Amino acid sequence: MSRDSFSQPDSTLLIPMDEFDNLMATRGWVIFESAISEQLIDRMIDDIHKAYETCRAIQLKNGIGGKTEYTVHHLIGIGDSFVEYLDVMPIRPYIERYFKGNYILNSFGGAINSAFSRSYAHEIHRDIRSYSGSLPLLLNTLVMFDDFTEENGATYLMPGAHKLANKPSKDDFYRTAERALGTKGSILFFDSNLWHAGGDNNTDKPRRSVTPMFCKPFIKPQFDYPRALGYDKGDSFSAYLKQVLGYNSRIPSTLDEWYQPPEHRMYKSDQG
């Protein structure tokens, strides 16, 4: 397979595609067990702790230290391992299947859930503000840096709740919710319409993860990754990374940038 291929052959699939389709349609989520090498996970663990020092200093400086504790945001450009993850992640064919075509990175955050810590992620919520029904606009993923167990607060997910336009009651949610249990290196993949909540960590060890989110290329991402990394750096990436980081769906800001032949346009014709 070429490094520049946007998808992977069926022989590399983690689960059969028809099983994936059924789980996403009925439950709204899939867990890919032990999908990422321990070596890469360990590098991302080192990078997320370094990134937290950077993020926490800015959170406190700007007066939003309350419910942002133990969270990190927009990790691309902070640690090299996070870009490497995007380039090698084995769930690429499933993301393409979900969106039925091209997609870009919407955000790349994470959490270091320590014993008895709480943040906004513990509330019952979904990560798309406008319910999109069967139209896939946004996708959540979560990479487990530690085993996710009931004791350390594995994420609560309400089966089929990606079909609910309105927030369920707390009683209904916790009565039917299941836990996203998985081993270190596993990936949780779920419809962004799905109602979910973080659990309480009742152990003396952290439960760490990163949460890359993806969207259709015409949706506004939460962060301008090409600008943050440098517009000229796009040519140093593989064709896939250039696509997923948003280099093919940039917005012109001058008439000179707008009036360009197709091969030089900032927003490419295959971005939807």
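Reading the values: the criteria
- Residues numbered from 1 in each chain as written.
- Predicted model: local features only at pLDDT ≥ 70, side-chain atom pairs only at ≥ 80, totals over all residues.
- Heavy atoms only, no water.
- Pairing = 2+ DSSP bridges.
- Helix = DSSP H or I, 4+ residues; strand = E, 2+ residues; numbered from the N terminus.
- Contact = heavy atoms within 4.5 Å.
- Axes fitted to C-alpha atoms, helices over the stretch in contact; angles between N-to-C directions.
- Buried < 20%, exposed > 50% of the residue type's maximum accessible area, 1.4 Å probe, protein only.
- Left-handed = near helix turned anticlockwise from the far one by under 90°.
- Nonpolar A, V, L, I, M, F, W, Y, C, P; charged D, E, K, R; others polar.
- Polar contact = N/O pair within 3.5 Å; in protein donor to acceptor, adjacent residues only side chain to side chain.

Draft legend 1. Quick peek at the sheet that holds strand S4 (residues 138–144). One open sheet holds the six strands; their spatial order is S1-S7-S4-S9-S3-S2, and the pairing between them is antiparallel. The two strands at the open ends of the sheet, each matched to only one other strand, are strand S1 (29–32) and strand S2 (71–72). Relative to strand S9 (residues 207–215), S4 runs antiparallel, the two sharing five bridges. Of the residues in S9, the one forming a bridge with Leu-138 is Cys-215. Packing of helix H1 (residues 17–26) onto the sheet brings it into contact with S1 and strand S7 (187–191), and relative to S1 it is tilted by some 135 degrees. The strands touched by helix H3 (residues 80–88) within the sheet are strand S3 (104–113), S4, S7 and S9, with S3 carrying the most contacts at an inclination of about 125 degrees.

Draft legend 2. Looking closely at the pairing of S9. By the criterion of burial, S9 is predominantly enclosed, with eight of the nine residues buried. In terms of strand pairing, S3 meets S9 through nine bridges, oriented antiparallel. When the sheet's bridge partners are listed, Ser-107 is paired in S9 with Met-213.

Draft legend 3. Focus on the packing of helix H2 (residues 38–61) against H3. In contact at an axis separation of 8 Å, H2 and H3 are set at 145 degrees when each is read in the N-to-C sense. Judged by the twist between their axes, the crossing of H2 over H3 is left-handed. Where H2 approaches H3, its residues Leu-40, Arg-43, Met-44, Asp-47 and Ile-48 are matched on the opposing element by Asp-80, Ser-81, Phe-82, Glu-84, Tyr-85 and Val-88. Per-class residue counts for the contact of H2 with H3 are six nonpolar, one polar and four charged.

Draft legend 4. Structural detail: the side chain of His-125. Along the chain, the position of His-125 falls in the loop between S3 and S4. The exposure class assigned to His-125 is buried, which follows from its relative accessible area of 18%. At 2.6 Å, the side chain of His-125 forms a polar contact with the backbone oxygen of Glu-123.

Draft legend 5. Fine view of helix H4 (residues 92–99). In terms of burial, H4 is a largely internal element, six of the eight residues being buried. Looking at H4, one finds that the buried residues are Arg-92, Pro-93, Tyr-94, Ile-95, Tyr-98 and Phe-99. Positive backbone phi, at 60 degrees, marks Lys-100, one or two positions downstream of H4.

These results come straight from atomic positions and should not be treated as a statement about function.
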